[in-house]
Amino acid sequence: MTTLTHSEADPYTDPRRRGPRGLLWLMVRVHRIALLTCLAVAVLGAAWIVYQRGAMLDTLHAAGWPGKPADTLDGEVANRVTNRFNSYANTLAFLPTVLGVVLGASLIASDLEHGTARLVTTQSVSRDRWLRAKLGFALTVVTVTTVPLSLLFGWWRDSVGPFAGTDWLHDPVFEAGAPVLVTTALFTTSLGLAIGALTRRVVSAMVLTFVTSWVALTVADVFKNRLATPRRISFPLGADQPAVLDHVVQVDQWVGTASGKLYGYGTCVSDASPEACRARLGIVNSVWDYFGDDQRLGMQWTAAGVLLAASAVLVTLFLTRLRRAPLTS
């Protein structure tokens, strides 16, 4: 009698198994809920953007655009479309914070808190391989989630041009488009990983990541004006605004003399005789500092570079901390 023995293939190491193997299989298996959730966000978010873009264009076409110039449309329609667009942009711009809290902060802190990290690294997996797998999984999932959404949002913005809001630097439109959305998500996720490595507690890491992300992005918003050099234009005081200033982001406004000397915009306004005051000072021009829309993409890439550099610092902190510290909470 012949006895046949069958060993069940190990999905972790069996080379005949189709699909991911090794640490990749482990990451997908352990974090499948997070992975499926992010994929659902990407797919449903993409469908949502396509639908809302179509609905918004239908509204604008019904109002006569682009046959009619944007500034001649019914003001209520134009304002409603702009407010809706900025509302959607604000929702998308909040996504990196959610990813940093839910994915970044919990991914490593959970393993440290529950002892999974110690168990995994006592098997055939080295600590460095495990850390690289965790890091790669988190950053890859975040990138795959945000890249299509940011690209589709840019496509939507280009479709509705003048109704996307003129103050694109301070509106959420700046953060929601590529590449800022992607690099912001990488930053908040790296921040969550670093905080998780330091606190080793899921709830604490999530709370601290949310607060720190909010503070960091709020501070970053203050320094947006330094991402590029604003342009300056002078035109006669009291004259119509030049067409070049339509749909620009105003940084500052002055009054100036013919020789170029600048005074604050409110100079002479409260004087008993403003015209005589301006004549005495030689003020004849209105002066604007502004960013043109053609500077937007360059400023977004500059911001993306800063965010990537900050992410690299946080990743280094994450790896340095867990390479040296014990893997117990």
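All values derive from a computational prediction rather than experimental measurement.

What counts, and at which threshold
- Residues numbered from 1 in each chain as written.
- Predicted model: local features only at pLDDT ≥ 70, side-chain atom pairs only at ≥ 80, totals over all residues.
- Heavy atoms only, no water.
- Helix = DSSP H or I, 4+ residues; strand = E, 2+ residues; numbered from the N terminus.
- Contact = heavy atoms within 4.5 Å.
- Core = buried A, V, L, I, M, F, W, Y, C linked by side-chain atoms within 4.5 Å.
- Buried < 20%, exposed > 50% of the residue type's maximum accessible area, 1.4 Å probe, protein only.
- Disulfide = S-S within 2.5 Å.
- Expected span 1.5 Å × (residues − 1).

Draft legend 1. Looking closely at the side chain of Thr-82. By the secondary structure assignment, Thr-82 is in helix H3 (residues 75-93). The contacts of Thr-82, once residues within four sequence positions are left out, are Phe-163 and Gly-165.

Draft legend 2. Quick look at the nonpolar core. Of all hydrophobic cores here, the largest spans 52 residues; its most connected members are Met-56, Leu-60, Phe-85, Phe-153, Trp-156, Val-160 and Phe-318. Broken down by secondary-structure element, the contributors of at least two residues to this core are helix H1 (22-30), helix H2 (32-62), H3, helix H4 (95-114), helix H6 (127-160), helix H7 (173-176), helix H8 (180-199) and helix H11 (296-324). For this core, the element with the highest residue contribution is H6, accounting for 12 residues. Counting residues in hydrophobic clusters, the runner-up holds 19 residues, among them Phe-174, Ile-195, Leu-227 and Ala-303.

Draft legend 3. Inspection of the state of the cysteines at higher detail. Overall, the coordinates contain one disulfide when judged by the stated rule. Residue pairing for Cys-268: its cysteine sulfur links by disulfide to Cys-277, the two sulfurs lying 2.0 Å apart. Disulfide Cys-268 to Cys-277: torsion about the S-S bond roughly -60°, handedness left-handed. Per residue, the accessibility class of Cys-268 equals that of Cys-277, and both read buried.

Draft legend 4. The arrangement of H11 in detail. For H11, with 29 residues, the first-to-last C-alpha span of 42 Å sits near the 42 Å given by 1.5 Å per residue. Taken as a whole, H11 has its buried residues at Arg-296, Met-299, Gln-300, Ala-303, Ala-304, Leu-307, Ser-311, Leu-314, Val-315, Phe-318, Leu-319 and Leu-322. Packing partners of the buried residues in H11 comprise H4, H6, H7, H8 and strand S4 (283-291).

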